[in-house]
Amino acid sequence: MTEPLRTVLVAGGGITGWYAAAAIKRRAPFLDVTMLATRGAPDALADRIACTLPSIRGFHADLGIGEEDAVLRTGAACRLGTLFSGWADDLPDYAHVYDRYGQRFGATSFHLHWLRARRAGWADAFDSYAPAAALARAGRFVPPTPGTPFADHDYGLTLDLPRQERMVRAFADHVGVRILAGEIADVAIDDRGFVARLTLVGGGSLAADLVVDATGPAARLRGAIDQAVDDWSGWLPCDRLLIHAGAPIEPPVLTPVVAHAAGWRWSSGAQTGIAYAAAHADEAALAALMPDGDRIAIRPGMRRAPWRGNCVAIGDSATQVEPLEWCNLHLALSAIDRLVTMLPDAAMAPVEAADFNRQCVAEAERVRDFVALHYVAARRPEPMWRACAATPPPDSLAHTLTQFAERGRLPFYEEETFSRDEWAAVLIGQGVLPRRVDPLVEAVPADAAAAAMARHKADIAAAVQRTPTHAAWLAAQASRLSR
Amino acid sequence: MTTPGKAVRVVIVGGGTAGWMTAAAIARLLPHRASVHLVESEAIGIVGVGEATLPHIRFFNERLGIPEAEFMALTRATFKLGIEFRDWGRIGDSYIHPFGTFGSGKGAIDFHHYWSRLSRAGAPLPPLDDLSYACTLARQGRFAHPQADPGQLAGTFGYAYQFDAQLFAPYLRGLAERAGVVRTDGIVTAVDRDGDTGDIRAITLADGTRIEGDLFVDCSGFRSLLVGGAMEEPFEDWAHWLPADRAVAMPCRTETAVTPYTSAIAMPAGWRWRIPLQHRTGNGYVYASAFVGDAEARDALVAAVEGEPLAEPRLLRFRAGRRRRSWVGNCVAIGLASGFLEPLESTSIYLVQQAITALVELFPDGAPSPPDRDEFNRVIDLEYDRIRDFLILHYHATTRSDSPFWDYVRTMTIPDSLAEKLDLWRRRGRVVKYREGVFLDASWVAVYLGQGIVPEGWDPRADASDPVAVHRGIAALRQEIAADVAARPDHRGFLDRYCPMTDAA
């Protein structure tokens, strides 16, 4: 029997750290888990971006946090996807929703049938065949409901971050995380390259078998071991954000993301923001649009070894990526999940860290590819956009683009965050169309396909009428709660 | 409307299992896109390996609209719930690699972590097979179709078939010819290649017939007539990891029980298969010629066969490995023409099927395009590499030191990819996870534990439960499985009612 893991120390100043501490203690209650709550890092996007992907709901469920606590009592709202406007000048906006696009008929994917129909000139917009897109465009919301067209979608949350953080903190406390407030003065690394000890400002020190770095881009712990980071700035041009916290208003169920001359902007209720490439933007003009906004620098990239020695970087200390497609907290939660299922023993064998890192890298690189796709496939005349279109994409994205451009094939990669339909939604939404129609669709005659597609759309349209608005749905849940 | 392209002229060389599976699939799935011409020679026998299959074959049959009971009756098939490995980790051992899970398949932590913990604590444990529904069903010689609900114990498994490949090819031929495939009997004597592109323009048969095509599919078996021969694609040799290079095969009458599983019995210089069909049992000894002579191997097989022999022992030669690329120019190798992995885990037909699926998905419209070709090769390489590691594991994870062959495989250098997998398992009971690939977690666990590698560590969360409660849970599970399995019908009886063999057409 090897020496078991006994103590875990999480350091961080935001929701990522609280989620890490709470999840580890909840799912491995025999560990002694300490949370060192530091001042928040303004540039830690996993802690700061209100929009999340659907994965947060499964994460809550695994912890035993119900929707009442995770959504209703914290003032969160549901989001079905993102509405992209202005990304391809000549094309209408498109919705990326967390749903199936179209109905499967025959053995081939729906998007291949849609592409044949598009070529023949009778297909409507790709997203008009996604039930959740119709729902979201109408400002309506229902959770997945078997027996209706709205059976297969998923939804993310728009968080009220301060309230959410208080909830997770209370949960961590409740499950037995030891909570300390303090600031890190110094990090001592031993000769094995392990984090030996944290010295705190004003005296005192902390040590643990395993340390989790949720301190944001500064990576106070993991960065003390080494600074090796892959640079993604060639593919992800936005290196600045302005984030503004306004008066609480109801967040849209379909988060609008609008491209501008040197980046994009979003509004998700109280939180609004502008992302831009400093080299191409008129910073003064953008700042004038958002005078109270926090200005944040992003250095897009990732550590290929988020876990080294006894230290695991989670969130922005591992990966920095602009918030387009809302992956920051998603990557953090996914890494926390992975860490819980791969808890090491006290020896911290490099082979175990390598397996963890392999999965993290695969996941983060495909997120990078998905975000980069929006730029490489964008069609806008301004210099930043032209530069993006001219930059050769990473190999794995190039492979996807080549395969899709040939016949609409979407190759499989390990640790994909987004489904094939979601890839197709962005590709098609930005006007990337294959050279030819996949011959396999011919197994279904064109007129039969047309009839099925029309029927599917009609079913969706009829069903949308019977759904509540997002506000009405939230209100109904709230009143159920108060009964 | 889509303008239907000109039909691609597909020429398939070779009419064994691979050739007729390919012909039937293309003709059925791409009726407007392809015209298929298959050339085979009655003078050349078919190898007919892979009588034992993996559960994936069911999806192939389903997609082609092949009814199960009819197919089983005609190919004299039996059900297969897994593979029994005898004498691998040590002489005297026996374990089943099931097409199913261990435990109830429900907990947050994989069952094997609890198993490792109790086992390392020296606790008395029932045989691992008793804790898998599929293994128990197999050991008891029973069969029933799995239930649709994977939450039920009787839904925690899949199944495949053991069938007569010599009868499967003609069955598919009938199906393919009804779908418009043209067949010519003849031997290929010349291949005409385009001087500029190197693509194949036509093949010529011994009688002078010239057959032109746009896409050539090489199903010529070990000869690899087109891809290995005409296109000269090099062969990547894996003999240093998989030294078996010959097999001697001899069917016998089925006299003993018709087991719903295949057996792979380790031998002094390789292993022996036993594949029970309804009417006969396939037997063969796969061996490394560097470690045993042909005569000695043949004698060992003859001595081991259980029933009355139905044919003289037949010798096969092969090399483990694959063509560097399976799709070169306008020519795609499928089956043995693309590579060979010994049938230890019944992967031959699976590899044929994956190649067909990829070819159908990447089917050209006229001249093959490089992106289609590269993607095909990427997908096939991945399959070969992962199966290779899994096969090597069987040989390497042994304590046997009773012959030079076992000394060699036990001590040989293994691929880094496998060394890392083994290390993770040994230390922590962790199985390297892939979302795709043929052998998923449960398969690796079955072989690791079956060959005696109990992890030194496990998921620390498995320590959280009270060992007495875990023991009680295991005992209850064992009983529940046993009770459910006891109510299922006998395999032979099930076959006799469901798909009694018919005389071959």
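Definitions and cut-offs
- Each chain carries its own residue numbering, running from 1 in the direction its sequence is written.
- Note on labels: chains are lettered from A, ligands numbered from 1, in written order.
- Reporting of local features is limited, given that this is a predicted model, to residues whose pLDDT is at least 70; pairs of side-chain atoms are given and counted only at 80 or more, and all residues count toward the totals for whole chains, interfaces and linings.
- Note that the side-chain values use all heavy atoms of the structure and ignore hydrogens as well as water.
- Note on conventions: DSSP H or I runs of at least 4 residues are helices, E runs of at least 2 residues are strands, and numbering of each starts at the N terminus.
- Every radius of gyration here is taken over C-alpha atoms, with the globule rule written as 2.2 Å times N^0.38, N being the number of residues.
- Remark: exposure states derive from per-residue accessible area (1.4 Å probe, protein chains only) relative to the maximum for the residue type, with buried under 20%, exposed over 50%, and partly exposed in between.
- Any two residues whose heavy atoms approach within 4.5 Å are treated as being in contact.
- Using a 1.4 Å probe, the Shrake-Rupley method yields the accessible areas, and only the shown protein chains count as cover for residues.
- Positive charges are assigned to Lys and Arg, negative charges to Asp and Glu, while His and the chain termini are left out of the count.
- Charged groups are reduced to one reference atom each: NZ for lysine, CZ for arginine, CG for aspartic acid, CD for glutamic acid.
- Helix span, as expected, comes to 1.5 Å for every residue beyond the first.
- Identification of polar contacts relies on pairs of N or O atoms within 3.5 Å, with a donor-acceptor requirement for protein atoms, meaning one able to donate a hydrogen and the other able to accept it, and with residues adjacent in sequence counted only if both atoms are side-chain atoms.
- Annotation comment: domain bounds sourced from an automatic or database domain assignment.
- Each of two parts loses accessible area, computed with a 1.4 Å probe, when they are put together; buried area is these two losses added.
- The rule for pairing is simple: two strands pair if DSSP sees at least two bridges between them.
- Comment: axis = line fitted to C-alpha atoms, over the contacting stretch for helices; angle = value between 0 and 180 degrees taken between N-to-C directions.
- Our angle categories are set so that under 35 degrees counts as roughly parallel, over 145 as roughly antiparallel, 65 to 115 as roughly perpendicular, and the remainder as oblique.
- By definition, any crossing whose near helix is turned counterclockwise from its far helix by less than a right angle is left-handed, and any crossing with a clockwise turn is right-handed.
- Classification used: nonpolar for Ala, Val, Leu, Ile, Met, Phe, Trp, Tyr, Cys and Pro, charged for Asp, Glu, Lys and Arg, polar for all others including Gly.
- As used in this record, nonpolar core signifies buried Ala, Val, Leu, Ile, Met, Phe, Trp, Tyr and Cys residues forming a set joined through side-chain atoms within 4.5 Å.
- Pairing of aromatic side chains here covers Phe, Tyr and the six-membered ring of Trp, requires ring centres within 6.5 Å, and sorts the geometry by plane angle: under 30 degrees stacked, over 60 edge-to-face, intermediate tilted.
- Only when the NZ of Lys or the CZ of Arg is both within 6 Å of the ring centre and within 35 degrees of the ring normal is a charge said to sit over the ring.
- Within this scheme a cavity is a closed region of a 1 Å grid, computed over the protein atoms alone, that accommodates a 1.4 Å probe without allowing it to escape, whereas a pocket is open but has protein on both sides within 12 Å along at least five of seven lines; lining residues each have an atom within 4 Å of a point.
- Grid points are joined across faces, edges and corners, and a volume is the space filled by probe spheres set on the points.

## Considering the overall build of chain A
- Of the regular secondary structure elements, chain A holds 15 helices and 21 strands.
- Computed over the C-alpha atoms, the radius of gyration of chain A is 23 Å, within 12% of the 23 Å expected from 2.2 N^0.38 for a compact globule of 483 residues.
- The principal-axis extents of the C-alpha atoms in chain A amount to approximately 75 × 55 × 55 Å.
- Each of the 483 residues in chain A was classed as buried or not, and the buried ones make up 60%.
- Long-range contacts, defined as pairs at least 24 residues apart, comprise 77% of the intrachain contacts of chain A with a sequence gap of at least 6.
- Put simply, chain A shows about 17,500 Å² of open surface, and 52% of that area lies on carbon and sulfur atoms.
- Counting 48 positive and 56 negative side-chain charges, chain A places the averaged centre of each group 3 Å from the other.

## Side note on helix H6 (residues 165-178) of chain B
Residue and element names in this part refer to chain B.
- Here H6 spans 20 Å end to end across 14 residues, near enough to the 20 Å set by a 1.5 Å rise per residue.
- For H6, every residue scored as buried is listed here: Ala165, Leu167, Phe168, Ala169, Tyr171, Leu172, Leu175 and Ala176.
- Against helix H1 (17-29), helix H2 (57-63) and helix H3 (68-74) lie the buried residues of H6.
- Capping of H6 at its N-terminal end is provided by Asp164; its side-chain oxygen lies 2.8 Å from the backbone amide nitrogen of Gln166.
- Phi for Gly180, located one or two positions after H6, is positive at around 105 degrees.

## Points about the domain arrangement of chain A
All names here are of chain A.
- Domain annotation for chain A reports domain 1 (7-78 + 159-232 + 299-363) and domain 2 (99-135 + 367-464).
- Its C-alpha centre places domain 1 at a distance of 35 Å from the equivalent point of domain 2.
- Every contact between the two is made by 13 residues of domain 1 and, on the other side, eleven residues of domain 2.
- Buried area between domain 1 and domain 2, summed over both chains or domains, comes out near 1,100 Å², and the portion from carbon and sulfur atoms is 66%.
- Area buried by domain 1 at its contact with domain 2 is led by Leu324, Glu325 and Glu363, which between them contribute 40% of it.

## A word on the sheet that holds strand S21 (residues 319-320) of chain A
Residue and element names in this part refer to chain A.
- Strand order in the open sheet formed by three strands is S12-S18-S21, with antiparallel pairing between adjacent strands. Since the sheet does not close on itself, it has two edges, and those belong to strand S12 (230-231) and S21, each with one partner.
- Examined bridge by bridge, strand S18 (residues 301-302) and S21 share two bridges and lie antiparallel to one another. Considered in S21, the bridge of Met302 is made with Thr319.

## Focus: the packing of helix H1 (residues 15-27) of chain A against helix H7 (residues 161-175) of chain A
All names here are of chain A.
- Direction vectors running N to C along H1 and H7 enclose 25 degrees, while the axes themselves pass 9 Å from each other. It follows from the interaxial angle that H1 and H7 lie roughly parallel. Both H1 and H7 take part in a crossing whose hand is left-handed. Facing Ile15, Trp18, Tyr19, Ala22, Lys25 and Arg26 of H1, the residues of H7 in contact are Leu161, Gln164, Glu165, Val168, Arg169, Phe171, Ala172 and Val175.
- Residues that form the contact of H1 with H7 fall into these classes: nine nonpolar, one polar and four charged.

## Examining the nonpolar core
- Core analysis: the largest hydrophobic core is formed by 153 residues, its most contacted members being Val10, Ile334, Leu359 and Tyr395 of chain B.
- Residues in contact with Leu359 of chain B, not counting those within four places in the same chain, are Ile26, Leu215, Val217, Trp327, Val332, Ile334 and Phe376 of chain B.
- Among the nonpolar cores identified, the runner-up in size contains 151 residues, and Cys78, Ile298, Val361 and Val432 of chain A belong to it.

## A look at the packing of aromatic side chains
- Applying the stated criterion to the full structure yields 53 aromatic pairs over all chains.
- Judged by centre distance (5.4 Å) and plane angle (90 degrees), the rings of Tyr19 of chain A and Phe59 of chain A are edge-to-face. You can see Tyr19 of chain A sitting in helix H1 and its partner Phe59 of chain A sitting in helix H3 (residues 55-63), a full 40 residues away along the chain. Each member of the pair, Tyr19 of chain A as well as Phe59 of chain A, carries the same accessibility label: buried.
- With centroids separated by 5.6 Å and ring planes inclined at 20 degrees, the aromatic side chains of Tyr133 of chain B and Phe157 of chain B adopt a geometry described as stacked. You can see Tyr133 of chain B sitting in helix H5 (residues 133-139) and its partner Phe157 of chain B sitting in the loop between H5 and strand S6 (160-162), a full 24 residues away along the chain. There is no split in this pair, since Tyr133 of chain B and Phe157 of chain B are both buried.
- Here the basic side chain of Arg192 of chain A rests over the ring of Phe194 of chain A, its NZ or CZ set 3.9 Å away from the ring centre.
- Directly above the ring of Trp238 of chain B sits Arg388 of chain B, whose terminal nitrogen or CZ lies 5.0 Å from the centroid.

## What about the environment of Trp18 of chain A?
Residue and element names in this part refer to chain A.
- Its place among the elements puts Trp18 in helix H1.
- Separated by 151 residues in the primary sequence, Trp18 and Arg169 place their C-alpha atoms 5.9 Å from one another.
- Not counting chain neighbours up to four residues away, the residues in contact with Trp18 comprise Met35, Ala37, Glu165, Val168, Arg169, Ala172 and Ile179.

## Quick look at empty space enclosed by the protein
All names here are of chain A.
- Under the defined criterion, the tally for this structure stands at ten cavities of 30 Å³ or more.
- Taken as a whole, the largest cavity spans an internal volume of roughly 150 Å³.
- In terms of lining residues, the largest cavity is bounded by 17 residues, among which Gly315, Ala318, Thr319, Leu331 and Ala332 are the most central.
- Elements with a minimum of two residues in the lining of the largest cavity: helix H9 (328-341) and helix H10 (350-376).
- Considering each element in turn, the lining of the largest cavity owes the most residues, five residues, to H9.

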